Amino acid sequence: MATVNEVIDTTIDDPGNRTPLVIGGHNYGSVTELVCRINESKTPIAWYIAFAVSLMTLGMFGSLIGYLVFTGVGVWGNNNPVYWGFPIVNFVFWVGIGHAGTLISAILFIFRQNWRTSINRFAEAMTIFAVACAGVFPAVHIGRVWVFYWLFPIPSLQLSMWPQFRSPLLWDVFAVSTYATVSVIFWYTGMIPDLATLRDRTKNPILRIVYSVLSLGWTGSARKWSRYEKAYTLFAALAAPLVLSVHTIVSFDFAVSQLPGWHTTIFPPYFVAGAVFSGFGMVLTLMVPARQIFGLQDVVTKRHLENVCKILLATGSMVGYAYAMEFFIAWYGGNLMEQFAFVNRAFGLTPWAYWVMVSCNVISPQLFWFKFCRTTPWVMFVVSIFVNIGMWFERFVITVTSLQRDFLPSSWGEFVPTWVDYGMLVGSFGLFFTLFLLFVRFGPIVAMAEVKSVMAHPHHDIHDIPQGDYHDDEVDH
């Protein structure tokens with residue numbers, strides 16, 4: 001436990017006196033106690049209630065997928081001309097959320113932004129679970145899910161054909177699967193020292209076996225720390241370009257088409273900025289209540305939350321700039337079809353969706369110009385919810401409004417979502433929160449070893465280090 005209960009305003013910028021990233025007078029041992037207490041204490045009633053709700057929602061999601069497989073994709077509202085409805089909207093939404101974790105872990109690690117250490121584990125877990133949710137939708141959208149392996153370049157003697165390598169849809173298969181694989185490896189590698197800590201502390205024999213297997217015999221020796229640091233840096237270098245490449249390729253699904261409203265070169269940077277924006281929005285949605293419930297205020301300080309708010313303000317402004325540029329390019333290009341497409345978005349069949357998008361994504365983050373909003377958790381939480389809503393509507397506006405009104409009025413149509421569409425959207429959140437709650441209960445939600453590496457290094461005898469208290473200070477011995 002902390003021996004000094006210091007009250008420090010971590011939001012004050014003083015170049016001559018850098019604010020500590022961990023407050024409350026903690027030492028290495030008390031940080032271990034603080035984080036492991038979440039896994040070792042009695043499971044709170046609130047966790048059981050949240051897990052039961054998530055599990056029921058997940059059950060509904062599974063039932064609807066079964067209904068879809070046995071009945072056909074006609075249970076969705078997809079029609080001619082809106083062949084891409086909620087499934088592609090949900091897919092892009094979840095892939096976008098999966099961006100923040102690897103960005104915080106890889107890019108901020110390479111740039112040595114130490115404040116990332118308190119929130120990177122949260123964000124990495126969120127990335128894995130969001131990509132899992134995203135992967136469900138293209139898998140079931142193909143209709144005949146039992147031949148999903150046709151998406152991969154496997155020679156087929158029966159069909160004598162290969163996937164279309166010139167299609168961005170196939171590029172997406174490789175991009176998302178590569179991103180998911182690297183993200184899982186990166187996440188797992190970073191957790192090994194902390195899993196060893198849980199292994200050494202747990203009194204449950206089953207969990208000890210599980211943690212022992214997962215920690216790969218970690219002992220915390222100087223040689224293991226040295227190899228760990230090299231591997232972590234290598235994976236960070238591999239993962240960093242993927243942050244930019246994945247949503248760039250997702251944007252190609254739209255940008256390489258001839259459809260008015262999609263055929264634009266601004267889509268790759270626009271999609272990447274939007275993905276980072278939505279990812280950090282979800283980080284805030286998860287982190288603010290978790291910080292309060294699990295008493296992590298000393299490790300996840302207001303400074304950490306304020307930095308996330310600043311990133312939301314910057315990326316939200318980029319997204320707003322992209323919205324404005326779409327209208328400008330349509331006007332400046334002189335293409336009547338493009339001009340009609342964007343006017344139709346704002347004032348056509350579903351204008352409410354467009355203005356919800358603008359209000360949530362452009363206007364609400366502007367609150368973060370004010371320090372009160374950047375340092376008040378309940379304001380951050382409310383704005384983050386708006387960001388999540390707005391980014392889902394952004395994908396809806398891009399996809400549905402463009403498909404409803406293309407070149408010829410004779411081919412126009414209207415998309416009306418069915419109860420299955422709504423159910424699968426809600427159900428995907430059940431999958432996400434079920435995985436996240438399991439991780440919170442049984443995994444190290446804060447990167448203990450990394451947090452200790454950015455704390456002041458007090459002199460201590462190695463024999464005083466408590467059992468399971470691994471940190472890279474041991475490399476010095």
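This text goes with the structure placed above it.
What this report covers is the structure whose coordinates are included nearby. (Residues numbered from 1 in each chain as written. Predicted model: local features only at pLDDT ≥ 70, side-chain atom pairs only at ≥ 80, totals over all residues. Heavy atoms only, no water.)

### A word on the overall build of the protein
Along its length, the protein carries 16 helices and zero strands. Scaling as 2.2 N^0.38, a compact globule of 477 residues should have a C-alpha radius of gyration of about 23 Å, and the protein matches this with 24 Å. The C-alpha extent of the protein, read off along each of the three principal axes, is 80 × 55 × 40 Å. For the protein, the residues scored as buried account for 55% of the 477 residues in total. (Helix = DSSP H or I, 4+ residues; strand = E, 2+ residues; numbered from the N terminus. Rg over C-alpha atoms; globule rule 2.2 N^0.38 Å. Buried < 20%, exposed > 50% of the residue type's maximum accessible area, 1.4 Å probe, protein only.)

### Things to note about the nonpolar core
Within soluble globular proteins, side chains that are nonpolar generally end up buried alongside one another. Core analysis: the largest hydrophobic core is formed by 133 residues, its most contacted members being Trp94 and Leu284. For Trp94, the contacting residues outside a window of four places in its chain are Ala130, Cys133, Ala134, Phe137, Met282, Ser428, Phe429 and Phe432. (Core = buried A, V, L, I, M, F, W, Y, C linked by side-chain atoms within 4.5 Å. Contact = heavy atoms within 4.5 Å.)

### A closer look at helix H8 (residues 222-255)
Side chains that are three or four residues apart share a direction in an α-helix, a result of its 3.6 residues per turn. Here H8 spans 50 Å end to end across 34 residues, near enough to the 50 Å set by a 1.5 Å rise per residue. At Leu242, H8 is deflected by roughly 30°, the largest bend along its length. (Expected span 1.5 Å × (residues − 1). Bend = angle between axes of the 7 residues up to and from the residue.)

### Focus on the packing of helix H5 (residues 120-141) against helix H9 (residues 267-293)
In the contact formed by H5 and H9, the axes pass within 10 Å of each other and the chain directions differ by 120°. Looking at the two axes, H5 sits oblique to H9. The way H5 lies across H9 gives a crossing that is right-handed. For the pair formed by H5 and H9, the contact residues are Phe122, Ala123 and Met126 on the first element and Gly279, Met282, Val283, Leu286, Met287 and Ala290 on the second. Residues that form the contact of H5 with H9 fall into these classes: eight nonpolar, one polar and no charged. (Axes fitted to C-alpha atoms, helices over the stretch in contact; angles between N-to-C directions. Parallel < 35°, antiparallel > 145°, perpendicular 65-115°, else oblique. Left-handed = near helix turned anticlockwise from the far one by under 90°. Nonpolar A, V, L, I, M, F, W, Y, C, P; charged D, E, K, R; others polar.)

### A short note on the packing of aromatic side chains
Pairs of aromatic rings are described using the distance from one ring centre to the other and the angle between the two planes. In the structure shown here, the tally under the stated rule is 47 aromatic pairs. Between Phe267 and Tyr270, the ring centres sit 5.7 Å apart and the planes meet at 70°, which makes this aromatic pair edge-to-face. Taken together, the residues span about one helical turn, with Phe267 and Tyr270 both in helix H9 at a distance of three residues. Residue Phe267 is classed as buried on the basis of its relative accessible area, which comes to 0%. Summarising the aromatic geometry, the rings of Phe393 and Phe396 are spaced 6.3 Å apart at their centres and angled 75° between planes, so their arrangement reads as edge-to-face. You can see Phe393 and its partner Phe396 sitting in helix H14 (residues 377-404), three residues apart, about one turn around the helix. (Phe/Tyr/Trp six-rings, centres within 6.5 Å; stacked < 30°, edge-to-face > 60°.)

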